[in-house]
Amino acid sequence: MPGHAQGKPAGEPCANLSTDLRCRLWGRPERPAFCAGLQASDEMCGDDRQQAIAWLSALERATRP
C-alpha cells in the first residue's frame, strides 16, 4: 500500500478502496498478492456487511503487533 511498507495499520481502510468501498485494483497486476490470495469464507463474510466488518475487526485486533 502506498506509504506503508508493511501494509496498513489495523482499523484503517485500504487506500485502494473507492468511496463505494470497492477495490480500485481488482483484476489489475498492481493488486497486492495478499489481496489476490485472500479466499473469503462463509465465516468471514457472515450474513451481511456488519458481520463481515466485525469478523475482520476481530482478526485485526488478534494479529496486531
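Residues numbered from 1 in each chain as written. Predicted model: local features only at pLDDT ≥ 70, side-chain atom pairs only at ≥ 80, totals over all residues. Heavy atoms only, no water.

The next point concerns the overall build of the chain. Along its length, the chain carries 3 helices and 0 strands. Start at the N end of the chain and walk to the C end: the helices and strands fall as α-α-α. Classification of the 65 residues of the chain by burial places 9% in the buried group. Approximately 5,500 Å² of the chain is accessible, and the part contributed by carbon and sulfur atoms is 56%. (Helix = DSSP H or I, 4+ residues; strand = E, 2+ residues; numbered from the N terminus. Buried < 20%, exposed > 50% of the residue type's maximum accessible area, 1.4 Å probe, protein only. Areas by Shrake-Rupley, 256 points an atom, 1.4 Å probe, with all protein chains shown as cover.)

The subject of this paragraph is the side chain of Asn16. Relative to the helices and strands, Asn16 resides in the segment before α1 (33–37). Asn16 sits in the buried class, given a relative accessible area of 14%. Apart from residues lying up to four places away in sequence, Asn16 is in contact with Arg22, Cys23, Arg24 and Leu25. (Contact = heavy atoms within 4.5 Å.)

It is worth spelling out the confidence of the model for the chain at this point. The predicted model of the chain averages 83 in pLDDT, with 88% of residues at 70 or higher. Across the chain, the secondary-structure element scoring lowest on mean pLDDT is α1, at 85, and the one scoring highest is helix α2 (residues 42–45), at 90. (pLDDT = per-residue confidence, 0-100.)

As a further point, take the environment of Glu43. Tracing the sequence through the fold places Glu43 in helix α2. Of the residues examined, Glu43 reaches a relative accessible area of 60% and is grouped as exposed. Spatially, the C-alpha atoms of Glu43 and Trp55 are 8.0 Å apart, while their sequence positions differ by 12 residues.

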